[in-house]
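# Examining the three-dimensional arrangement
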Amino acid sequence: MRHSLKLFIIFFAALSFLGCSPSDKKESSQAITVWHWMSDREAAFQELAKRYEEQFHIPVKFDLYAPSEAYAQRVKAAAQTDKLPDIYGILGEKRDFASFIKSGYVVNLTPSLESSQGGMVWKDKLFEKALAVNEFISGNEYGVTPGVYGIPLDVTTIQMVYNKKLYEKAGLDPNRPPANWEEFVSHCRALKEQKIPRFVSGFGEIWLIDAFASNLAMNIMGQEKVFATYAGKVPYTDADWVKVLSLFKQMRDEAILVDGAVTMVNKTAEQTFANERAAYAFNGSWCVNVYKGMNPNLQYGAMLPPKVTNQNPMRIWGGAGGSFVVNQKSKNSEQAIQFLRWLTDDAQQAYLSVETQNLPSNKSSLDKISPILAEFADDMDNATHPNVYPVHEVPPVTEAFDKGIQSILIGEKTPEAVAQEVQRIKEKELKKNQ
Amino acid sequence: MNLQKIRNGLGNYVFILPAFLLFFTFSLYPFLKVFQLSVTNWDGISPHMTYVGLSNFKDLIFDNRVFWNSMGNALWVTLLALTVQNLLALVLALLCDRDIRGGNIYRVIFYLPPVLSGIVVGLIWNWIYDGNYGLLNHFLAFIGLGDLSRAWLSDPKTALVAVSVIHMWKGFGWGFVILLAGLQSIPRDLYEAARVDGANSWILFKNITVPLMIPVFVLVSILTILGTMQIFDIIIATTGGGPGYHTEVPITRIVQTMVGSGQFGYACAMGVVFGIILLIISMIQIRASKMMRQV
């Protein structure tokens, strides 16, 4: 008995020690680890890592964690256990970004961006709007030290695309997409007459509803009034907000959305548009690469969401697509910054743009992009992004608003009822935060 | 003598130490941690968390209609699973309990859906239910019921039922296997003796099968309730909780609150309340089954 007990204790202790030993052999202290979620860019990243190692003898390890929800969870879990890699991306809203910074997991990159290497200041190479998404301005609502905390890898706009072939089939001019909401509705009627499904988007993912509704709201009431609503100074029951919601009712009444779009994920919506089963789609500029993979012969053009009024510009969501931050607690933070600087240089950006069909964040690489991407790039002047808003809506209100739009699209609620419900939640949240 | 006793006792504790450590690390600690987090307003990232007392619970219980609506949805799916799914499982188990040709093949076929991933099942049914090119709509048109065609998962009248059907299709195999095992454990001579006494099939079922199967029914019911109330993967793969809140269930609300809204503490409070509700339901069921056995 005693002998077996001793043996057991030795065996258990050995197991425990093995369990407590470092999990992996330590990689070279200079090796840079990057975590990302961009499965469409994985091959290009691996190639660039190989090139970097050949050039600078510093290994770079790109670890892909997809889908993006799983990646976001992994990064949060790694932050909780202080196991973040040298470089990673933060998915989510600006408040998540702020939490990571305030918890000491992100390097303030402003000094590096303002320094020059090879004669040009780093930040001058990059699109301002892409950098702005990663910037916290002075007096920001989160109390973060002002500065730029992330490096944009590419630029994205979220807008509309239309199928030129289906347009022709409906007797419409394939080079003249609708310029305003009335035209959009009349074009939809023309498409309906030819039994062509009209508009698809992954409205089952509520952030897409949010983006589309936000575009319309900015156009109808101007961004100042939208921000005033977020700040609690204008109620959601205001006539302008009801008008925004009424447009979704009109979309239902005119049967503009394809059946099932209200619970559709964006991947399915992309398949629907790529397979020419819808004339319009609301999607991000990453769709160029996606559609190319799904249907290389697809003939389509990019357009802004149709304007409801000429009083205010149509503002679309745009700015940095994927951004990387550097872990402040990493021993390799300096090498990591050097790697990001190299990654945003002309040659690497041109390579990424060609391989992944995304808009580069480096201004000099813009001449390498395809014509359809250039159409997206043309609309960059109209781009804004929730990350650059001076004030943000709280998640419960955003969710109530977006879910309310789903309820309008399925004919369950009226715009007025949704506005009242959203305002009720807004008031509750305002009271909570007082 | 006392020293020897202590040594022996210590030896016993050393033997259970690994199991205890595993249980503590992976069950007890997370369980207690959820309680701790539920009284904070932690965002899931920051190393600091603020104690907010019972305010999360107060808001959840008295002012969160969406959560209670999701609870109602889960109960509705559970009710369907308890009745339709388990009835189907019982009928199939009764059929397979007889010496029918190819019985083993049927057993394998019926057990296939549960071993498939919920996400895969959800994606397959997405194609079946698709409003534009779905198999179900094609079939309805083929049999002359084209007027019933719709986007089954996006229509508020059908979304929850459509999701329930997927869940039941995926889940009936579990009940089938357990019920079949229960049926096969009933001594055959009981049936033979009853037949000699002139009992027909219904009498055999009512007076032998049902009483002897009560513990199995209880087990299947508890597993069905706990499994269905925690339905998640199928919802995520089909409707994401929409349209509106029509297919929201407690787990999708917890995930949305935790990941989507960054309210980790509040989501933990939801988890605690949901766990307590499941515990109460299970206890009621065990109590009821004990009473049934006494009757």
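Residues numbered from 1 in each chain as written. Chains lettered and ligands numbered in written order. Predicted model: local features only at pLDDT ≥ 70, side-chain atom pairs only at ≥ 80, totals over all residues. Heavy atoms only, no water.

## Points about the overall build of chain A
Across its full length, chain A carries 19 helices and 16 strands. Relative to the globule expectation of 22 Å for 434 residues, the C-alpha radius of gyration of chain A, 24 Å, shows essentially globular dimensions. Viewed in the frame of its principal axes, chain A has a C-alpha envelope of about 85 × 50 × 50 Å. Each of the 434 residues in chain A was classed as buried or not, and the buried ones make up 57%. Total accessible area computed for chain A in this model is approximately 18900 Å², and 51% of it derives from carbon and sulfur atoms. When the 47 positive and 51 negative side-chain charges of chain A are each reduced to one mean point, those points stand 5 Å apart. (Helix = DSSP H or I, 4+ residues; strand = E, 2+ residues; numbered from the N terminus. Rg over C-alpha atoms; globule rule 2.2 N^0.38 Å. Buried < 20%, exposed > 50% of the residue type's maximum accessible area, 1.4 Å probe, protein only. Areas by Shrake-Rupley, 256 points an atom, 1.4 Å probe, with all protein chains shown as cover. Lys, Arg positive; Asp, Glu negative; His and termini not counted. Charge placed at Lys NZ, Arg CZ, Asp CG, Glu CD.)

## Some remarks on the nonpolar core
All names here are of chain A. Ranked by size, the top nonpolar core spans 89 residues in total, and within it Phe199, Phe212, Phe248 and Tyr280 carry the most contacts. Looking at this core, the element that brings in the most residues is helix H10 (residues 206–221), giving 10 residues. Contacts of Phe248, omitting those with residues within four sequence positions, involve Phe203, Phe212, Ala213, Leu216, Ile405, Ile408 and Leu409. Residues Trp37, Ile58, Ala78 and Val144 belong to the second largest nonpolar core, which totals 52 residues. (Core = buried A, V, L, I, M, F, W, Y, C linked by side-chain atoms within 4.5 Å. Contact = heavy atoms within 4.5 Å.)

## Here's the deal with the interface of chain B and chain A
With 43 residues of chain B in contact, the opposing surface of chain A contributes 35 residues. For the pair chain B and chain A, the summed buried surface comes to about 3200 Å²; carbon and sulfur atoms form 52% of the total. Area buried by chain B at its contact with chain A is led by Phe15(B), Ile45(B) and Tyr133(B), which between them contribute 19% of it. Taken together, the links from chain B to chain A amount to six salt bridges. With a shortest N-O distance of 3.8 Å, Glu421(A) and Arg65(B) are connected by a salt bridge. Applying the counting criterion to the chain B and chain A interface returns 14 residue pairs in polar contact (both at pLDDT 80 or more). When residues of the side of chain B that touches chain A are traced back to their parent elements, those giving at least two are helix H1 (2–37), helix H2 (55–63) and helix H11 (250–260) of chain B. (Buried area = accessible area lost by both parts, 1.4 Å probe. Salt bridge = Lys/Arg side-chain N within 4 Å of Asp/Glu carboxyl O. Polar contact = N/O pair within 3.5 Å; in protein donor to acceptor, adjacent residues only side chain to side chain.)

## Examining the pattern of salt bridges
Within the structure shown, the criterion is met by 28 salt bridges over all chains. Residues Asp59(B) and Lys428(A) are paired through a salt bridge, measuring 3.4 Å at the closest nitrogen-oxygen approach. Of the two residues, Asp59(B) sits in helix H2 while Lys428(A) sits in helix H19 (residues 415–432), which places them in two different chains. Residue classification places Asp59(B) among the buried positions, given a relative accessible area of 14%. The partner of Lys432(A) in a salt bridge is Glu429(A), with the nearest N and O atoms 3.4 Å apart. Of this pair, Lys432(A) and Glu429(A) are both found in helix H19, three residues apart, which corresponds to roughly one turn of the helix. For Glu429(A), a relative accessible area of 8% puts it in the buried group.

## Some words on the packing of helix H2 (residues 42–56) of chain A against helix H15 (residues 333–343) of chain A
Residues and elements named next belong to chain A. The N-to-C vectors of H2 and H15 enclose an angle of 115°; their axes lie 12 Å apart at closest approach. Here H15 runs roughly perpendicular to H2, going by the angle between their axes. The two elements H2 and H15 meet at a crossing, and its hand is right-handed. For the pair formed by H2 and H15, the contact residues are Leu48, Arg51, Tyr52, Gln55 and Phe56 on the first element and Gln335, Gln338, Phe339, Trp342 and Leu343 on the second. (Axes fitted to C-alpha atoms, helices over the stretch in contact; angles between N-to-C directions. Parallel < 35°, antiparallel > 145°, perpendicular 65-115°, else oblique. Left-handed = near helix turned anticlockwise from the far one by under 90°.)

## Things to note about the packing of aromatic side chains
Overall, the coordinates contain 45 aromatic pairs over all chains when judged by the stated rule. Aromatic side chains Tyr236(A) and Trp241(A) sit 4.9 Å apart centroid to centroid with 50° between the ring planes, which places their arrangement in the tilted category. With respect to class, Tyr236(A) is no different from Trp241(A); both count as buried. Taking the centre distance of 6.1 Å and the plane angle of 20° together, the rings of Tyr106(B) and Phe110(B) count as stacked. (Phe/Tyr/Trp six-rings, centres within 6.5 Å; stacked < 30°, edge-to-face > 60°.)

## Description of the side chain of Thr344(A)
All names here are of chain A. Counting through the fold element by element, Thr344 comes out in the loop between H15 and helix H16 (346–356). For Thr344, a relative accessible area of 1% corresponds to the buried category. At a separation of 3.1 Å, a polar atom in the side chain of Thr344 contacts the main-chain carbonyl oxygen of Arg341.

## As for the layout of surface pockets
Gaps between atoms show up when a probe of the same size as a water molecule is rolled over them. Of the pockets and cavities examined, the second largest pocket occupies roughly 1300 Å³. Together, 41 residues line the second largest pocket, and Val394(A), Glu429(A), Asn433(A), Asn41(B) and Gln263(B) are the ones closest to its centre. Within the residue set of the lining of the second largest pocket, elements represented by two or more residues are helix H4 (94–102), helix H18 (395–409) and H19 of chain A together with H2 of chain B. (1 Å grid on protein atoms, 1.4 Å probe; cavity = no way out; pocket = protein on both sides within 12 Å on 5 of 7 lines; lining within 4 Å. Points joined across faces, edges and corners; volume = space filled by probe spheres on them.)

## Concerning the environment of Ile286(B)
When you line up the elements, Ile286(B) lands in helix H12 (residues 264–294). For the pair Ile286(B) and Pro215(B), spaced 71 residues apart in sequence, the C-alpha to C-alpha distance is 9.7 Å.

## Examining the packing of helix H3 (residues 65–97) of chain B against helix H9 (residues 201–229) of chain B
Residue and element names in this part refer to chain B. Where H3 meets H9, the axes come as close as 10 Å, and the angle between the chain directions of the two elements is 145°. Judged by the twist between their axes, the crossing of H3 over H9 is right-handed. Seen from H3, the contacting residues are Met71, Ala74, Leu75, Val77, Thr78, Ala81, Leu82, Gln85, Asn86, Leu90 and Leu94; seen from H9, they are Phe205, Phe217, Val220, Ser221, Thr224, Ile225, Thr228 and Met229. Of the residues assigned to the contact of H3 with H9, the class counts are 13 nonpolar, six polar and no charged. (Nonpolar A, V, L, I, M, F, W, Y, C, P; charged D, E, K, R; others polar.)

## As for the pairing of strand E1 (residues 32–36) of chain A
Residue and element names in this part refer to chain A. Counting buried residues in E1 gives five out of five residues, a clear majority hidden from the surface. Burial of the side chains of E1 extends over both faces: Ile32, Val34 and His36 are buried on one face and Thr33 and Trp35 on the other. Crossover handedness for the path E1 to H2 to strand E2 (residues 60–64): right-handed. (Right-handed = clockwise from strand over helix to strand, strands pointing away.)

## Things to note about unusual backbone geometry
A cis amide bond links Ala66(A) to the next residue, Pro67(A), at an omega of 0°. In this structure, Pro67(A) sits in the loop between E2 and helix H3 (68–80). In this model, Gly242(B) is joined to Pro243(B) through a cis peptide bond whose omega is -5°. Take Pro243(B): it is sitting in the loop between helix H10 (233–238) and H11. In this model, Ala255(A) sits at a positive phi of 50°, which is unusual for a non-glycine residue. Mapping Ala255(A) onto the fold places it in the loop between helix H12 (239–253) and helix H13 (266–274).

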